[in-house]
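# Summary of structural features
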Amino acid sequence: MKQAHLCVIQPWGYVHSLGFLDQARYLRYHLGRIGVPTSIGKNRLKHGAINFVFGAHLGFDSQLTRQFACVFVNLEQLGNGGASVGQHYLRLLSGNSSIDYDAHNLRAYSGPKHAPLLEFVNAPYLHPGPELMPLEERPIDLLFVGSVNQRRMELIRAIEACGVTVAQFDGAVYGPERDSYVRQAKAVLNVHFYETARFAQARASFVLSQGTPFVSEQQRSDRAPAPYEQSTLWFGLGELRPFFADYFASERFYDDARKAHAAFTAYDPLPRVRAVWDYALECEKSRVREGGLPRWMNADMARRGYCLGQINADPVAGRIPDWMVDLRRPLPLTAELEALAGLEGMTLGELDLRLPNTATMFDNALILLEVGGLLVFEAVRPRERDDADAWIESELGPYTREFWRSQWLEYRFQVKHVGWCDKTGRPSTQERQRCRVVLQKVGCSLHERTRARAQLEDFGLVPDVYEELPNLEALDVSA
């Protein structure tokens, strides 16, 4: 059985990527119902699996589609009046296998007409079961979940003027923390954000799946997709007072809400999910993938997280690196190391050039990089040194112009770039406390190697041809 892998794209620290977990968990659940083994990962793709990519508009290297089987899942409202996502993302959707939740989006990127739509409806694993609080006893009137623009703010104020309290989060909240409030609300409010006004299936799915009514502004033109036409409680802009002042939280409202939830849970999305999986399998047959490992290494997972399309190295298992290794220690000569040698570049992160293990990291980088490969890191100047340029030049000396001090003969580094930056990493001519350094691995010339041998105590010769030193303990130094 072919496996599926659900890749959630998250730029480092970007909290709103947590929103994609709702759709990823939904797809994993229903793929499991048809027997497809499915995993979820952050910024990770899998060889040998079909990768459904969520959030590719946040940044995705299109070259990765040559090595990995990818199906891009679009969750944005596209086209005039919709989200601004950039041409790169639209080309990614049109040039590769992609699926959408709304047919109107396909016009924006000439999406595949034969691709089935992926609808987001019932997620039974979210339902609290017997612990579900009765609607009449819930302490929150209306809960609004999502970003707020001017239009939404004005409409929420108009609803509150009808005597209904609309609760909102004071920041981004997702997952179980958000769901605990959804289950305490008499209903969750939905109002349109974009001019496109496409129905918010993703939001409606996790709300109704938990047994909470979904109250939504009416569609402007097209009908809502099944089963939301019957499972959503609709209001028009011209009927705010009769809906919220008279109907909301009445016995008739609660009765209608329970009927709407019954219609929602009666709808089974399995045929559509099976069609999506069949489409992904068919697309994979027509693609030829390139092999090979990534050519860049990220050895700064503590600050950068997992970087998609790179080999991620870290000594901490909890960060789930591709290669669990401590680059502050000498690398053992293993088959794994031989396979990795020849990288085009490495990112080491922030280094204290005064620490002894920094020299070991440079030794390891010299082993792993191909000739011409780049080593990227940041160095922090000690506060006691006020001569910034002279300091960085002297600290890089053992790895560049005086490379023999690092016991190197065959290869060395040369400086490609040194740029001073502020605490945020932006270029700065005023603050000279931190600098970004790019070194390039180069081969040593005959002249350089000869000059280096002249500087070494053992002339750079291997131990078995070097004259053995006398044993000082056996010498009589008293004479």
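A brief report on the enclosed structure follows. These figures come from a predicted structure and were not determined experimentally. (Residues numbered from 1 in each chain as written. Predicted model: local features only at pLDDT ≥ 70, side-chain atom pairs only at ≥ 80, totals over all residues. Heavy atoms only, no water.)

Right, let's get into the overall build of the chain. In terms of regular secondary structure, the chain is built from 15 helices and 17 strands. Over its C-alpha trace the chain gives a radius of gyration of 30 Å, far above what one expects of a compact globule, namely 23 Å for 479 residues. With the C-alpha coordinates aligned to their principal axes, the bounding extent of the chain is approximately 110 × 55 × 45 Å. Residue burial in the chain is summarised as follows: out of 479 residues, 48% are buried. Taking the intrachain contacts of the chain between residues at least 6 apart in sequence as the baseline, contacts between residues at least 24 apart amount to 69%. Entry remark: accessible area of the chain is about 24300 Å², with carbon and sulfur atoms responsible for 50%. (Helix = DSSP H or I, 4+ residues; strand = E, 2+ residues; numbered from the N terminus. Rg over C-alpha atoms; globule rule 2.2 N^0.38 Å. Buried < 20%, exposed > 50% of the residue type's maximum accessible area, 1.4 Å probe, protein only. Contact = heavy atoms within 4.5 Å. Areas by Shrake-Rupley, 256 points an atom, 1.4 Å probe, with all protein chains shown as cover.)

Okay, the sheet that holds strand β10 (residues 233-235) next. Strand pairing within a sheet occurs via backbone hydrogen bonds; the two strands may be parallel or antiparallel. Read across the open sheet, the five strands follow the order β7-β6-β8-β9-β10; overall the sheet is parallel. On the outer flanks of this sheet lie β7 (166-168) and β10, each paired with one strand and no other. Shown here is a sheet whose adjacent strand axes are inclined to one another by a mean of 35°, direction ignored. Pairing geometry for strand β9 (residues 214-217) and β10, over three bridges, is parallel. Bridge pairing in β10 links S216 to W234. Most of the contacts of helix α4 (residues 150-160) go to β7, to which it runs at about 140°, and overall it touches β6 (140-144), β7, β8 (185-190), β9 and β10. (Pairing = 2+ DSSP bridges. Axes fitted to C-alpha atoms, helices over the stretch in contact; angles between N-to-C directions.)

Turning our attention to the pattern of salt bridges. For the coordinates displayed, the defined rule picks out 23 salt bridges. Note that R33 is salt-bridged to D268, the shortest N-O span being 3.0 Å. Of this pair, R33 sits in helix α1 (residues 20-33) while D268 sits in the loop between α9 (251-266) and α10 (270-285), and the two are 235 residues apart along the sequence. In this structure R33 comes out as partly exposed when scored by relative accessible area, which is 37%. (Salt bridge = Lys/Arg side-chain N within 4 Å of Asp/Glu carboxyl O.)

Any aromatic ring pair is given by two values, namely how distant the centres are and how the planes are angled relative to each other. Tallied over the entire structure, the rule returns 23 aromatic pairs. When the ring of Y26 is compared with that of F120, the centres are 5.3 Å apart and the planes differ by 55°; the resulting orientation is tilted. In this pair, Y26 is assigned in helix α1 and F120 in the loop between α3 (106-109) and β6, connecting sequence segments 94 residues apart. In terms of burial, Y26 and F120 fall into one category: buried. Measuring from ring centre to ring centre gives 5.9 Å for W408 and F413, while their planes differ by 70°; the resulting arrangement is edge-to-face. Linked through ring pairs, F235, F243, F244, Y247, F248, F253 and Y254 together constitute an aromatic cluster. Positioned above the aromatic ring of F206 is the side chain of R178, whose terminal nitrogen or guanidinium carbon lies 3.6 Å from the ring centre. Seen from the ring of Y411, K441 lies directly overhead, with NZ or CZ sitting 4.4 Å from the centre. (Phe/Tyr/Trp six-rings, centres within 6.5 Å; stacked < 30°, edge-to-face > 60°. Lys NZ or Arg CZ within 6 Å of the ring centre and 35° of its normal.)

This part covers unusual backbone geometry. Between A226 and P227 the backbone carries a cis peptide bond, its omega angle lying at 0°. Tracing the backbone shows P227 in the loop between β9 and α7 (228-231). Of note in the backbone geometry, N43 takes a positive phi value of approximately 60° without being a glycine. In this structure, N43 sits in the loop between β2 (38-42) and β3 (49-54). You can call N43 buried: its relative accessible area is 7%. Positive phi is not limited to glycine here, since A249 has a value of about 65°. As for its placement among the helices and strands, A249 is situated in the loop between α8 (240-247) and α9. By relative accessible area, A249 is classed as partly exposed at 33%.

Tracing the sequence through the fold places T347 in strand β14 (residues 343-351). Taking relative accessible area as the criterion, T347 reaches 13% and is therefore assigned buried. Beyond its immediate stretch of four places on either side in the chain, T347 contacts W296, M297, N298, A299, D300, R304 and V376.

With that settled, the discussion passes to the state of the cysteines. This model, assessed by the stated rule, comprises zero disulfides. Left without a disulfide partner, C421 is nearest to the cysteine sulfur of C435, which lies 7.2 Å away. On the accessibility criterion, C421 (5% relative accessible area) is buried. (Disulfide = S-S within 2.5 Å.)

Core analysis: the biggest nonpolar cluster contains 47 residues, and L27, L31, F52, F54, I99, Y228 and W277 have the highest contact counts within it. Those elements that provide at least two residues to this core are β1 (3-8), α1, β3, β4 (69-74), β6, β8, α6 (201-208) and α10. Element by element, the count of residues in this core is highest for α10, at seven residues. The residues contacting L27, other than those within four sequence positions of it, are L6, F52, F54, L118 and V273. Counting residues in hydrophobic clusters, the runner-up holds 41 residues, among them W404, W420, L439 and A452. (Core = buried A, V, L, I, M, F, W, Y, C linked by side-chain atoms within 4.5 Å.)

Of all five residues that make up β6, four are buried, and the element is covered over most of its length. The pairing of β6 with β8 spans four bridges and is classified as parallel. Pairing of I140 across the sheet is with A185, part of β8. Pairing of β6 with β7, which is carried by three bridges, proceeds in the parallel orientation. In the strand pairing of β7, F144 is matched with Q168.

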